[in-house]
Amino acid sequence: MKRRDFLAGAAALAACSPLPPGVARSVSRYGLAQHARRSGRHFGAAVKSRLLREDTAFRAAVARECDVVVQEYELKRGTTEPKQGKYDFSGADQIIDFAQDHGMRARGHALVWYAANPPWLEPALKSASGRERQRLMTSYIDMAMRRYAGRINEWDVVNEAVEPNQGRADGMRMDSMWMKALGEHYIDTAFHTARETDGRATLFLTDFGLEHDSPRCERRRTALLKLLDRLLGRGVPIDAVGIQGHLKPYKERFSERQFANFLRTLSGYGLKLSITEFDIADRGGPPSPEKRDREVASIAKAFLDVSLDNPAMGSILCWGLSDRYSWLSNFPEYKWPDGQLSRGLPLDARMGRKRLWDAIAAAFDAAPAVGRRSA
Ligand code: 9MR
């Protein structure tokens, strides 16, 4: 992202923000979900049950800002099925109960992923044969979707299926145990099973690295579109694509035109869209937090304006809500070497609203209205 793009974005932000920065936003009783609602959209965040239990300020912030929640890790199989057939849904249950108590929707993340699996699973998959291999995958879809039927209405059925850097000509991720054991048809089986298990749920294929104007993202977009061509051609029941939206503006450029085209291609397939894990890695930005916040807000506004301009875009979810708890502060590629917190989420470490909050609210306020829908 060039500096003049940032500045142009910042001016646009100032022009359309409904609230003067710094003052009114801190006292507005309208949360981001209310801003989202005006155009028929939803806003949410990934949460951890411990934080909802132990940090009352965080809990209140989630209740104020969100109308959707998703589990940051507590529906991943490494957490829920530590031993084969022995389930522990206690963390996810608390999050779903919180959603219900507050009249919120809940997403489920993620049924089939190459990562965050229990240690017993890959050896079991390697030694199994035929149907048993499939069953090792479908048993979890069945168990989790049945448990939350009617309470979780959107599921990330398969997460992160493509990785062109791993050298396959079709761009599929090679280090997935599912890909190795079952081939690409693991995705077909996962979605068919999900559809049969809960026919009312909206089924998502989700992935990252689709956002920037960079060779890396271009390869990933191409691989995903080709995969969708094959899957939809085979009649696989995919309802929606979740674009994770982990932006890294200080490493890769963003092109509004290019991202808009990509979204148009996806919605042209008849797919619903959501941004499912939005945040902005600020490492590499200006040393002044104030200046960095302005730039981060400006890139967010540009990204969300394009996203919300597409009528298929139903929800924006951030991956966390407050900088106090962002994964970005701990992840090797994104964490600051001096240990300062990453500032990639709408609330600061004290649950105060930042310029990024203004940018998200302003993008929702400016978004063309769409009929309220489920994804
Ligand atoms: O933020 C999540 C972190 O707390 C977990 O330890 C990790 C493994 O379960 O997953 C992180 O969330 C990832 C998400 O599930 C998929 N997209 C990338 C997210 C950040 O790594």
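In this text the structure is predicted, and so the values were computed from the model without any measurement. (Residues numbered from 1 in each chain as written. Predicted model: local features only at pLDDT ≥ 70, side-chain atom pairs only at ≥ 80, totals over all residues. Heavy atoms only, no water.)

> How should the environment of Asp282 be read in this particular structure?
Within the element layout of this structure, Asp282 appears in the loop between β8 (272–280) and α14 (289–309). Note on Asp282: relative accessible area 1%, which makes it buried. For the pair Asp282 and Cys66, spaced 216 residues apart in sequence, the C-alpha separation works out to 23 Å. In this structure Asp282 touches Tyr250, Arg292, Val296, Trp336, Ser342 and Arg343, once residues within four positions along its chain are discounted. (Helix = DSSP H or I, 4+ residues; strand = E, 2+ residues; numbered from the N terminus. Buried < 20%, exposed > 50% of the residue type's maximum accessible area, 1.4 Å probe, protein only. Contact = heavy atoms within 4.5 Å.)

> Please clarify how empty space enclosed by the protein should be interpreted in this entry.
Over the atoms a probe the size of a water molecule is rolled, and this reveals where empty space is left. One pass over the full model with this rule turns up two cavities of 30 Å³ or more. Each pocket or cavity is described by its volume, and for the largest cavity that value is around 50 Å³. Every residue lining the largest cavity is listed: Ala46, Val47, Lys48, Leu51, Phe58, Glu72, Gly320, Leu321, Ser322, Tyr325, Ser326 and Leu345. Looking at the second largest cavity, its volume works out to about 40 Å³. Around the second largest cavity sit Lys76, Arg77, Ala110, Leu111, Trp113, Ala115, Ala116 and Asn117, which together line it. (1 Å grid on protein atoms, 1.4 Å probe; cavity = no way out; pocket = protein on both sides within 12 Å on 5 of 7 lines; lining within 4 Å. Points joined across faces, edges and corners; volume = space filled by probe spheres on them.)

> Could you clarify how one ought to interpret the side chain of Thr206 in this entry?
Within the secondary structure, Thr206 sits in strand β5 (residues 202–207). Side-chain polar atoms of Thr206 contact the side chain of Asn159, separated by 2.9 Å. The residues contacting Thr206, other than those within four sequence positions of it, are Asp156, Val158, Asn159, Glu160, Gly242 and Thr276. (Polar contact = N/O pair within 3.5 Å; in protein donor to acceptor, adjacent residues only side chain to side chain.)

> It is not clear to me how the site of the ligand should be interpreted in this structure. Could you clarify?
Looking at the ligand, the residues that line it are Glu72, Lys76, His109, Trp113, Ala116, Asn159, Glu160, Gln244, His246, Glu277, Trp319 and Trp327. Note that an oxygen atom of the ligand is positioned 2.6 Å from one of the side-chain N or O atoms of Lys76. Glu160 has a polar side-chain atom sitting 3.1 Å from a nitrogen atom of the ligand. When the ligand is considered free in solution it has 460 Å² of accessible area, and contact with the protein chains removes 74% of it. Of all the cavities here, the one that holds the ligand is the largest pocket. Each residue belonging to the shell around the ligand can be placed in one class, and the counts come to four nonpolar, four polar and four charged. (Near = heavy atom within 4 Å. Areas by Shrake-Rupley, 256 points an atom, 1.4 Å probe, with all protein chains shown as cover. Sits in = over half its atoms within 2 Å of the grid points. Nonpolar A, V, L, I, M, F, W, Y, C, P; charged D, E, K, R; others polar.)

> Is there a simple way to think about the nonpolar core in this case?
The tendency in soluble globular proteins is for nonpolar side chains to be buried side by side. If you look at the biggest cluster of nonpolar residues, it comprises 102 residues, and the most contacted ones within it are Phe43, Val62, Trp155, Val158 and Phe278. Element by element, the count of residues in this core is highest for α14, at nine residues. Apart from the residues lying within four places of it in its own chain, the contact partners of Phe278 are Gln244, Gly245, Leu247, Ala300, Phe303, Leu304, Ile316, Leu317, Cys318, Trp319, Leu345 and Ile360. Among the nonpolar cores identified, the runner-up in size contains five residues, and Val68, Val70, Leu317 and Trp319 belong to it. (Core = buried A, V, L, I, M, F, W, Y, C linked by side-chain atoms within 4.5 Å.)

> Please clarify how the pairing of strand β6 (residues 240–243) should be interpreted in this entry.
Working note: regular strand, side chains alternate between the two faces of the sheet. Side chains of β6 alternate between two faces, with Ala240 and Gly242 and Val241 and Ile243 buried alike. Taking the sense of rotation as the criterion, the β-α-β connection linking β5, helix α12 (residues 215–233) and β6 turns out right-handed. (Right-handed = clockwise from strand over helix to strand, strands pointing away.)

> Help me out: how do you make sense of unusual backbone geometry in this one?
The phi angle of most residues is negative, glycine excepted, and most peptide bonds adopt the trans form. Between His109 and Ala110 the backbone carries a cis peptide bond, its omega angle lying at -5°. Position of Ala110 among the secondary structure elements: in strand β3 (residues 105–112). Backbone geometry at Ala116 places phi at a positive 55°, although glycine is not the residue there. Positionally, Ala116 belongs in the loop between β3 and α8 (121–127). In this structure Ala116 comes out as partly exposed when scored by relative accessible area, which is 37%.

> Looking at this structure, how should I read the packing of helix α9 (residues 130–147) against helix α11 (residues 185–197)?
A pair of packed helices can be characterised by two numbers: the angle between their axes and the separation between those axes. Packing of α9 against α11 brings their axes to within 9 Å, and their N-to-C directions diverge by 30°. If you check the angle between α9 and α11, you find them roughly parallel. In this structure, the crossing between α9 and α11 has a hand that is right-handed. Residues Gln134, Met137, Thr138, Ile141, Asp142, Met145 and Arg146 of α9 form the contact with α11, whose own contacting residues are Tyr186, Thr189, Ala190, Thr193, Ala194 and Thr197. Of the residues in the contact of α9 with α11, the class split is six nonpolar, five polar and two charged. (Axes fitted to C-alpha atoms, helices over the stretch in contact; angles between N-to-C directions. Parallel < 35°, antiparallel > 145°, perpendicular 65-115°, else oblique. Left-handed = near helix turned anticlockwise from the far one by under 90°.)

> Just checking my understanding: could you explain the packing of α14 against helix α15 (residues 355–366) for this structure?
Relative orientation of the contacting elements α14 and α15 amounts to 20°, with a least axis distance of 8 Å. One finds that α14 runs roughly parallel with respect to α15. As for how α14 packs across α15, the hand of that crossing is right-handed. Every residue of α15 that contacts α14 at Glu290, Asp293, Arg294, Val296, Ala297, Ala300, Lys301, Leu304, Asp305 and Leu308 is listed here: Arg355, Leu356, Ala359, Ile360, Ala362, Ala363 and Phe364. Of the residues that constitute the contact of α14 with α15, the class distribution is 11 nonpolar, no polar and six charged.

> How should the confidence of the model for the protein be read in this particular structure?
In low-pLDDT regions, the fine details of the predicted coordinates are not to be read closely. Counting all residues, the mean pLDDT for the protein is 93, and 92% of those residues have values of 70 or more. This stretch, residues 1–23, has a pLDDT under 50; its non-local contacts, to residues over four places away or in other chains, come to 36 contacts. (pLDDT = per-residue confidence, 0-100.)

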